[in-house]
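Observations on the model geometry
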Amino acid sequence: MIMRVMGEGQFQVAESHLNRLNQLDDELLAALDSGDEQQFRAALGTLLDAVKEYGTPLPDDSLEPSDLILPDPEASLDEVRALLRDEGDGLIPGLPE
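Residues numbered from 1 in each chain as written. Predicted model: local features only at pLDDT ≥ 70, side-chain atom pairs only at ≥ 80, totals over all residues. Heavy atoms only, no water.

**Observations regarding helix H2 (residues 37-54)**
Quick reminder: α-helices carry 3.6 residues per turn. Residues three or four places apart thus point the same way. Note the cut-off: Here a strand is any run of E in DSSP of at least two residues, a helix any run of H or I of at least four, and the numbering for each starts at the N terminus. Working rule for helices: expected span equals 1.5 Å times residues minus one. Definition of a polar contact: a pair of N or O atoms within 3.5 Å, with one able to donate and the other able to accept a hydrogen when the atoms are protein atoms, and with sequence-neighbouring residues admitted only if both atoms are side-chain atoms.
For H2, built from 18 residues, the straight-helix expectation of 26 Å at 1.5 Å per residue is met to within 8% by its first-to-last C-alpha distance of 26 Å. Capping the start of H2 is the job of one residue whose side-chain oxygen sits 2.9 Å from the backbone nitrogen of Gln38: Asp36.

**A few points about the packing of helix H1 (residues 18-34) against H2**
Defined as follows: Structural elements are reduced to axes, namely lines fitted to C-alpha atoms, with helices fitted over the stretch in contact, and the angle between N-to-C directions of any two is expressed from 0 to 180 degrees. Here roughly perpendicular refers to angles of 65 to 115 degrees, roughly parallel to angles under 35, roughly antiparallel to angles over 145, and oblique to all remaining angles. Put simply, a crossing is left-handed when the front helix is turned counterclockwise from the back one by less than a right angle, and right-handed when it is turned clockwise. Residue contacts are defined here by distance: any two heavy atoms, one from each residue, within 4.5 Å place the two residues in contact. For this classification, Asp, Glu, Lys and Arg are treated as charged, while Ala, Val, Leu, Ile, Met, Phe, Trp, Tyr, Cys and Pro are nonpolar and the rest, including Gly, are polar.
Two numbers describe how H1 lies on H2: the axes approach to 8 Å, and their chain directions differ by 160 degrees. Taken together, the axes of H1 and H2 lie roughly antiparallel to each other. Helix-helix and strand crossings are classified by hand; for H1 and H2 the assignment is left-handed. Every residue of H2 that contacts H1 at Arg20, Leu21, Leu24, Asp25, Glu27, Leu28, Ala30, Ala31, Leu32 and Ser34 is listed here: Gln39, Phe40, Ala43, Leu44, Thr46, Leu47, Ala50, Val51 and Tyr54. Residue composition of the contact of H1 with H2, by class: 13 nonpolar, three polar and three charged.

**As for the environment of Ser76**
Relative to the helices and strands, Ser76 is located in the loop between strand E4 (68-70) and helix H3 (77-87). Residues Ser76 and Glu37, 39 residues apart in the sequence, show an inter-C-alpha distance of 8.8 Å. When sequence neighbours within four positions are dropped, the list of residues in contact with Ser76 reads Phe40 and Arg41.

**What to know about the pattern of salt bridges**
Filter applied, for reference: For this document, the term salt bridge refers to a Lys or Arg side-chain nitrogen within 4 Å of an Asp or Glu carboxyl oxygen. Categorising residues by exposure relies on relative accessible area from a 1.4 Å probe, with only protein chains included: less than 20% of the type maximum marks a residue as buried, more than 50% marks it as exposed, and the intermediate range marks it as partly exposed.
The full count for this structure, using the stated rule, is three salt bridges. Here Glu8 makes a salt bridge to Lys52, at a shortest N to O gap of 2.6 Å. Of the two residues, Glu8 sits in the loop between strand E1 (2-5) and strand E2 (9-12) while Lys52 sits in helix H2, which places them 44 residues apart along the sequence. The exposure class of Lys52 is partly exposed, given its relative accessible area of 28%. Between Glu37 and Arg41 there is a salt bridge; the shortest N-O distance is 3.1 Å. With a gap of four residues between them, Glu37 and Arg41 both fall in helix H2, about one helical turn apart.

Listed below in structure tokens is the structure:
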């Protein structure tokens, strides 16, 4: 799966990491629901760090379509809430049952 982190590029992430990324996404959702800026910043940073850790960066000149677009680390609570309205139930999709 190719994930784009806004302002930082694309990362090829193996499906085997999606469960862990979903857990981090759930933590981000909880932080958004609480409205706690500090908790939100920590959860967003942890999620984006995990994408970079588990993913392989694609070259800057790569023209691969992104399966997911994630906010940049400086995104506001409201910006991420807007993304979630567009995506449904989180930034990272669950694996099919």
